[in-house]
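# Fold and geometry: a report
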There are 2 protein chains.
Amino acid sequence: MDDSYEYKPFYDGLVEHGLIVPTSVLGTFGRGAVFEQVVLRFNDLVNRLAADDGAEVYFFPPVIDRKIMEKVHYLETFPHLCGSVHSFYGDNKEAHNLAECANEGGQWGDMLKQTQVVLSPAACYPVYPTLAGTVPAEGRLVTVLNWVFRHEPSEEPTRLQSFRMREFIRVGTPEQVVPWRDMWLQRGLDLLHSLKLPASSDVASDPFFGRGGKMRALSQKDQKLKFEVLVPVISEVDHTAVCSFNYHQDHFASAFGIYTQDGEIAHTACMGFGMERIAMALFKTHGFDIKQWPETVRELLCLN
Amino acid sequence: MDDSYEYKPFYDGLVEHGLIVPTSVLGTFGRGAVFEQVVLRFNDLVNRLAADDGAEVYFFPPVIDRKIMEKVHYLETFPHLCGSVHSFYGDNKEAHNLAECANEGGQWGDMLKQTQVVLSPAACYPVYPTLAGTVPAEGRLVTVLNWVFRHEPSEEPTRLQSFRMREFIRVGTPEQVVPWRDMWLQRGLDLLHSLKLPASSDVASDPFFGRGGKMRALSQKDQKLKFEVLVPVISEVDHTAVCSFNYHQDHFASAFGIYTQDGEIAHTACMGFGMERIAMALFKTHGFDIKQWPETVRELLCLN
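Residues numbered from 1 in each chain as written. Chains lettered and ligands numbered in written order. Predicted model: local features only at pLDDT ≥ 70, side-chain atom pairs only at ≥ 80, totals over all residues. Heavy atoms only, no water.

### Overview of the domain arrangement of chain A
All names here are of chain A. Under the domain assignment, chain A is made up of domain 1 (3–83 + 121–301) and domain 2 (84–119). Taking the mean C-alpha position of each, domain 1 and domain 2 sit 33 Å from one another. Each partner contributes residues to the interface: domain 1 has 10 residues there, and domain 2 has eight residues. Across the interface of domain 1 and domain 2, roughly 890 Å² is buried in total on both sides, 58% from carbon and sulfur atoms. (Domains from an automatic or database assignment. Contact = heavy atoms within 4.5 Å. Buried area = accessible area lost by both parts, 1.4 Å probe.)

### Some thoughts on the interface of chain B and chain A
If you look at the interface, chain B gives 64 residues, while chain A gives 64 residues. At the boundary of chain B with chain A, total buried surface from both sides reaches about 5,300 Å², with 65% on carbon and sulfur atoms. Along the contact surface separating chain B from chain A lie zero salt bridges. If you look at where chain B meets chain A, you find 26 residue pairs in polar contact (both at pLDDT 80 or more). Split into classes, the residues belonging to the side of chain B that touches chain A amount to 32 nonpolar, 24 polar and eight charged. In this sheet, strand β2 (residues 30–32) of chain B lies alongside strand β3 (residues 56–59) of chain A in antiparallel orientation, the contact comprising two bridges. For Tyr58(A), the partnering residue across the bridge sits in β2(B) and is Gly32(B). (Salt bridge = Lys/Arg side-chain N within 4 Å of Asp/Glu carboxyl O. Polar contact = N/O pair within 3.5 Å; in protein donor to acceptor, adjacent residues only side chain to side chain. Nonpolar A, V, L, I, M, F, W, Y, C, P; charged D, E, K, R; others polar. Pairing = 2+ DSSP bridges. Helix = DSSP H or I, 4+ residues; strand = E, 2+ residues; numbered from the N terminus.)

### Let's talk about the relation of the copies chain B and chain A
Each copy superposes on the other: chain B lies on chain A with an RMSD of 0.0 Å after a rotation of 180° and an axial shift of 0.0 Å. Such a turn and shift between the copies fits a two-fold axis. Minimal C-alpha separation from the rotation axis in chain B is found for Val85(B), amounting to 2.4 Å. Both copies present the same face, since 100% of the interface residues in chain B are matched by interface residues at the equivalent positions in chain A. (Least-squares fit on C-alpha atoms with pLDDT ≥ 70 in both.)

### Quick notes on helix α5 (residues 92–103) of chain B
Across its 12 residues, α5(B) extends 17 Å between first and last C-alpha, which sits within 8% of the 16 Å expected from 1.5 Å per residue. Burial in α5(B) covers these residues: Ala95(B), Leu98(B), Ala99(B), Cys101(B) and Ala102(B). For α5(B), the angular spread of buried residues about the axis comes to 160°, placing them on one side. Check the buried side of α5(B) and you find it contacts α3 (66–71) and α4 (74–77) of chain A. One side-chain oxygen at the N-terminal end of α5(B) lies 3.2 Å from the backbone nitrogen of Lys93(B); it belongs to Asp91(B). (Expected span 1.5 Å × (residues − 1). Buried < 20%, exposed > 50% of the residue type's maximum accessible area, 1.4 Å probe, protein only. Arc of directions from axis to C-beta.)

Here's what the structure looks like:
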């Protein structure tokens, strides 16, 4: 960190105020009652904001079919972030060896085999297979609140391995999907401004892996496929993305067979709030004591 | 199933009423808005019931330090249920091979390495390391609502791979812990009876692995370490456990260095509600349409 914020005092403040509980693995802290309250009340605020949109509401577990990850070629673009779930398929003797290996602090994971599931890397992933087929003329709109996993252990408090994303997913023609994405970009900004967060938006790219990744990122920025809304949380210079707005073109719909009424492959877009980051942006901006937050913010989040 | 219930019509009913959304992996279905509402309203009811208990409230992510699993010797007793998270640590060339293997439908999991985290197999596991040290004279009481994972894919709708448990964890002397466990056994029964569920309690055992497991299970039953509250959901004969009440003696406290004021290793007990199973018990007992549920049940769950 070469600028005026330091993340250590912010992290320590979250701990001292009982907002989070440290664990022994980076990016997996526990959430205290007040931190969780802020997350859920922000989620309620999003519900009220989008109440008339008519979104279908679902919740998926943290694990998904690994075929979803395969079909969207996740391992070509983000192999370093994946979390594959492995388990034990052996007999009594092998179980004995496994337990012994674990007791000796060995690499017992090598004695397991890959299961059918992986940790979901994005809240929208389990939604696409459920949309297979032809969408109605007006398209479809789905919202979820799911746990996601990214294997990127970091001391930086806003970079979690396991966190929640509240997402909206829009499916239809490009003419339906792109304006919807742009509408939410403004709506997301307005929402965070209403909470008195110093939010700004910018074109963005995903953290693609390796040599090919740099080209992908440039192309993504060039085509303005991804925008983010950012708030200063752990750095005054490098602001933290708290929402993202993504136009996937036909990437997901072609993988899962989602079509528009005229038989074309549908286009999709999604927007998502990083729930823990939203909470941290609020604590950074308004302080660790929610009783001291501006009255209008407390009212919007029903904290009174 | 060799008795009068069949789980297929119950599962189909849940799907047809939009309460759950099928996925391609057994035991990982999505939850619809109403199903989720029932889960969260039941959780609120538990909050009200235990409001004066003074429990510390935390929420942990679905992944935990794998050292926790090692320290409590989980792989000796439940290796078949574990979910270890593996990820990719290689270079550009290896990433290319990984993606190719996945594209060809190969066992790409073999090209990954075990990370620091596993899926949490019980909601109370991440709590114990945070209790290390000496507890106050009155002991400690913690409550959590966490996602857990058990690798047991099944067509049976109440047997999920990924689900939520609302747990209370009590730490102190045996004289504090055992009566607390017994108090909750009665309280849990009363709570479910107030929701007009035909609940009953029984001594129980865990699904220990292999040859040694049978002995462990007999000993656990013999010592009355585990009780369950059960409701008929998918079978009239084999009722479904919807809460469990466990006395761990010094198992967890010795693993994590938790002591009482007199320097003895503390004892612990926990009680947990299987949240999805509670919801399914309610749908089975009162029907798929929550508007038709008994008025007292709707009132208790604030569904009006």
